[in-house]
Amino acid sequence: MILVLGESLFDVFPHYKRFGGAPFNFAYHLRQFGYPVNFITRVGSDTEGKEILQILSQHGFDVSSVQIDPEHATGKAIVTLDGQGVASYVFPEDAAYDHLVLDPNCLKKEQPPELVYFGSLLQRSAFSRNQVQKFLAELPAKTCTFYDINLRKGCDQEIIVHNSIRHAQVLKVNSDELDWLSQGISPHENEQVRIEKLFQDFPMGLVVLTKGEQGSAIFTRQGEKTASCVHQVDVVDTVGAGDAFSAATAIGLLQNWDIATINTRAAAFSAAVCGLKGAIPTDPLFYSQRSFQHFHR
């Protein structure tokens, strides 16, 4: 079982809205490739919350894991796209997911998850941050913890990020996030030096770096590194590209691929998602493409 902890929200574009959020995008990709996923989230008892429950149910998720908040609204992300299709986001505060309750005792009632995915936005409130950190501290050592830093305004705080990295076996960052983490290091230092400093400061074993048009790289604590070439694709928008990369990387870890294979395949999957409108393919046959056959469980 893969356990995904995170926010549920609607991406609100200028002319339409679409259910999304990094944790759902990640969970959805894994489910489409045949992996059992438990999505732990919280929505409001409003129209949007009911829509989310219906969407999750339609896609085979166990909605009993979804908490209903009677006082706070379902989350939203107000999306703006620039001329190149690159997205920026504003997240209204005090949403239902800011009040997610996690019970570490549930781990004692069933087999521990193979992998737990978590991010930063869920932890922007002190309440949910304490819930997440306590939950992660209770996980058995054999569970792979995957932290997609995914910094957004409101969760770009050291207390969130540094404590989360300390619980992570795998850290996923993009170039801007690496710059944020590398404050205090000379801006002239290359990414290799910055990554080595992260390994000195934190206990994770793997760092996954996505660099947009410049490709991606994966680093291990043992000094291994692999870089991918850039895939040519007609970009519709970049919404969900990082989430697709994270999902493919998690699959590679679960299947014990070497880091070069993970990087190559994750880059190809992420590039394919950039050719779509939004983060989630509307055509289920997207996942049946021959080039993605190795992702299926």
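Our structure is the block above this text.
Here, residues in each chain are numbered from 1, in the same order as that chain's written sequence. Reporting of local features is limited, given that this is a predicted model, to residues whose pLDDT is at least 70; pairs of side-chain atoms are given and counted only at 80 or more, and all residues count toward the totals for whole chains, interfaces and linings. Here the side-chain values reflect all heavy atoms present in the structure, with hydrogen atoms and water set aside.

We now examine the sheet that holds strand β2 (residues 9–12). On the basis of which strands lie adjacent, the open sheet formed by four strands has the order β3-β2-β6-β7 and mixed pairing. Both outer strands of the open sheet, β3 (17–20) and β7 (87–90), are each paired with one neighbouring strand and no more. Geometrically, the sheet is characterised by an average inter-axis angle of 30 degrees between neighbouring strands, direction not taken into account. Note on pairing: two strands pair once DSSP finds at least 2 bridges between them. Each helix corresponds to a stretch of at least 4 residues labelled H or I by DSSP, and each strand to a stretch of at least 2 residues labelled E; elements are numbered beginning at the N terminus. The sheet contact formed by β2 and β3 spans four bridges and is antiparallel. In the sheet register, Val12 faces β3, and the bridge partner there is Lys17. Only the contacting stretch of a helix is used when fitting its axis, a line to C-alpha atoms as for every element, and angles between N-to-C directions run 0 to 180 degrees.

Buriedness of a pocket was judged along seven lines, with at least five required to meet protein on both sides within 12 Å; pockets are open sets of points on a 1 Å grid over the protein atoms alone, cavities are sets where a 1.4 Å probe fits but cannot get out, and lining residues have an atom within 4 Å of a point. Grid points are joined across faces, edges and corners, and a volume is the space filled by probe spheres set on the points. Summed over all chains, the structure comprises one cavity of 30 Å³ or more. Within this model, the largest cavity holds a volume of roughly 40 Å³. Lining the largest cavity are Asp11, Phe13, Arg18, Phe19, Gly20, Asn25, Val239, Gly278, Ala279 and Ile280. Looking at the lining of the largest cavity element by element, the count peaks at three residues for β3. Here the nonpolar group is Ala, Val, Leu, Ile, Met, Phe, Trp, Tyr, Cys and Pro; Asp, Glu, Lys and Arg are the charged ones; every other residue, Gly included, is treated as polar. In terms of residue class, the lining of the largest cavity is made up of five nonpolar, three polar and two charged.

Before going further, it helps to examine unusual backbone geometry. Even without a glycine there, the phi angle at Asp94 is positive, about 55 degrees. Within the element layout of this structure, Asp94 appears in the loop between β7 and β8 (115–118). Burial status follows relative accessibility: with a 1.4 Å probe on protein chains alone, a residue under 20% of its type maximum counts as buried, one over 50% as exposed, and anything between as partly exposed. The partly exposed category is assigned to Asp94, whose relative accessible area is 46%. Not every positive phi belongs to a glycine, and Asn150 is a case in point at roughly 45 degrees. Relative to the elements of secondary structure, Asn150 occurs in the loop between β9 (144–148) and α4 (158–166).

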